[in-house]
Amino acid sequence: QCAPQGGSNMAKLTMAAKPDKANVNNSGVKAVGVELFIDQISKAEPFQSLFAIKEETLEAIKTDMRLNGFDPSKPINVWKTDDGARILIDGYTRLKAAEGLGLFSVVAYEKTFASEDEAVAYAIHTQRDRRNLSDAELFRAIQIIDKPQDGFRSAIAPVGAIAEKPKKTADVTAEAVGTSARKVERARVVMADPEESAAVLSGEKSINQAEQSIRNKRNSTIAPSGAIVESSSKPDPAKAASVMKEW
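All values derive from a computational prediction rather than experimental measurement.

1. Re the sheet that holds strand β1 (residues 34-37)
Part 1 of the reasoning: If you trace the four strands from one edge of the open sheet to the other, you get β1-β4-β2-β3, paired in mixed fashion. Each edge of the open sheet carries a strand with a single partner, namely β1 and β3 (86-90). The sheet shows a mean angle of 50° between the axes of neighbouring strands, direction not considered.
Part 2 of the reasoning: Looking at chain direction, strand β2 (residues 76-80) and strand β4 (residues 105-111) are connected through four bridges and run parallel. Looking at the pairing, Trp 79 lines up with Lys 111 of β4.
Part 3 of the reasoning: Seen against the sheet, helix α4 (residues 92-100) touches β2, β3 and β4 and runs at an angle of roughly 115° to β3.
Part 4 of the reasoning: Relative to β3, helix α5 (residues 116-130) is tilted by about 35°, and along the sheet it contacts β2, β3 and β4.

2. Looking at helix α8 (residues 181-191)
Within an α-helix, residues lying three or four positions from one another point in the same direction, as the helix has 3.6 residues per turn.
Part 1 of the reasoning: Taken residue by residue, α8 has Ala 181, Lys 183, Val 184, Ala 187, Val 189 and Val 190 as its buried positions.
Part 2 of the reasoning: On its buried face, α8 is in contact with α6 (135-145), α7 (169-177), α9 (194-201) and α10 (207-220).

3. Things to note about the packing of aromatic side chains
Part 1 of the reasoning: Taken as a whole, this structure holds three aromatic pairs when the rule is applied.
Part 2 of the reasoning: Ring centres 6.1 Å apart and planes at 80° place the aromatic pair Trp 79 and Phe 113 in the edge-to-face group. Of this pair, Trp 79 sits in strand β2 while Phe 113 sits in the loop between β4 and α5, and the two are 34 residues apart along the sequence. Of the two residues, Trp 79 and Phe 113, neither departs from the other in class, the shared state being buried.
Part 3 of the reasoning: Ring geometry for Phe 113 and Tyr 122: centres 5.5 Å apart, planes at 50°, overall tilted.
Part 4 of the reasoning: Owing to a relative accessible area of 23%, Tyr 122 belongs among the partly exposed residues under this scheme.
Part 5 of the reasoning: One aromatic cluster is present, formed by Phe 47, Trp 79, Phe 113 and Tyr 122 through successive ring pairs.
Part 6 of the reasoning: Here Lys 111 stacks its cationic end above the ring of Tyr 109, 5.2 Å away from the centre of that ring.

4. Here's the deal with the pairing of β2
Part 1 of the reasoning: Summarising burial for β2: four of the five residues are buried, a large majority.
Part 2 of the reasoning: Here β2 pairs with β3 via four bridges, running antiparallel. Looking across to β3, one finds that Trp 79 is bridged to Ile 87.
Part 3 of the reasoning: Between β2 and the antiparallel strand that follows it, β3, lie five residues; Gly 84 among them carries a positive phi value of about 90°.

Reading the values: the criteria
Along each chain, residues carry numbers from 1 onward, in the same order as the chain's sequence is written. pLDDT decides what is reported in this predicted model: residues at 70 or higher carry local features, side-chain atom pairs at 80 or more are listed and counted, and totals for whole chains, interfaces and linings draw on all residues regardless. Derived side-chain values reflect all non-hydrogen atoms in the structure, with water molecules and hydrogen atoms excluded from consideration. At least two DSSP bridges between two strands are needed for those strands to be called paired. Each helix corresponds to a stretch of at least 4 residues labelled H or I by DSSP, and each strand to a stretch of at least 2 residues labelled E; elements are numbered beginning at the N terminus. Lines fitted to the C-alpha atoms define the axes, with helices restricted to the stretch that makes contact. Angles between their N-to-C directions range from 0 to 180 degrees. In what follows, residue pairs with any heavy atoms lying within 4.5 Å of each other are defined as contacts. Three exposure classes are used, based on accessible area relative to the maximum for each residue type with a 1.4 Å probe and protein chains only: buried under 20%, partly exposed in between, and exposed over 50%. For this analysis, a ring pair means two rings from Phe, Tyr or Trp (six-membered ring only for Trp) whose centres lie within 6.5 Å, classed as stacked if their planes differ by under 30 degrees, edge-to-face if by over 60, and tilted for the remaining angles. The rule for a charge over a ring is simple: NZ of Lys or CZ of Arg within 6 Å of the ring centre, and within 35 degrees of the ring normal.

Here is the structure:
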């Protein structure tokens, strides 16, 4: 079987710019992962929109990749499913940079998972270990993986629970995304309000700010304890007299 065409293309880019790095990348030492044609890799939800591609990060990666080729020490991660499909779960920015530069192939880790939930949890794990997630990214991750308890009809914690001592779903979600259970609970409040959810996803508000806004809205619609709400309608003397006659 022929090697992917992108291998020679990447080597050419590297050697032209930095011979010392080319010696490392092309010295015959086997790179971790496998080299895949870009058209062998599928993009799919929820992975594609799990973390937004930042333009400044994309441009920085493209600049480096243009000079040095695709760095095989930083493979993308794909989920190799039972039917042989390779779904990209982590590395959307790097893949977009490679596509923009016309590369034919990239280096990838091929992973297997029992379910999409496991694949999503892994994608989030790799991102939060690599950097601090913004509130917008954290909120999006919670939206995708959170499974709050639905009365007594479903398990308390469908993922990662211990039978003898079940966990609260907020604790399970918190462990997966790397935050506190209280933050997850606040995010749940925000998720019920489309306007505040949009504000968090756009970066306009933090999760805490959006939750506080919702609480303020609720408090402003509740009359203080013991307050008497005045009727806007005034008594009609003529109508009262008519009623009295009927009696």
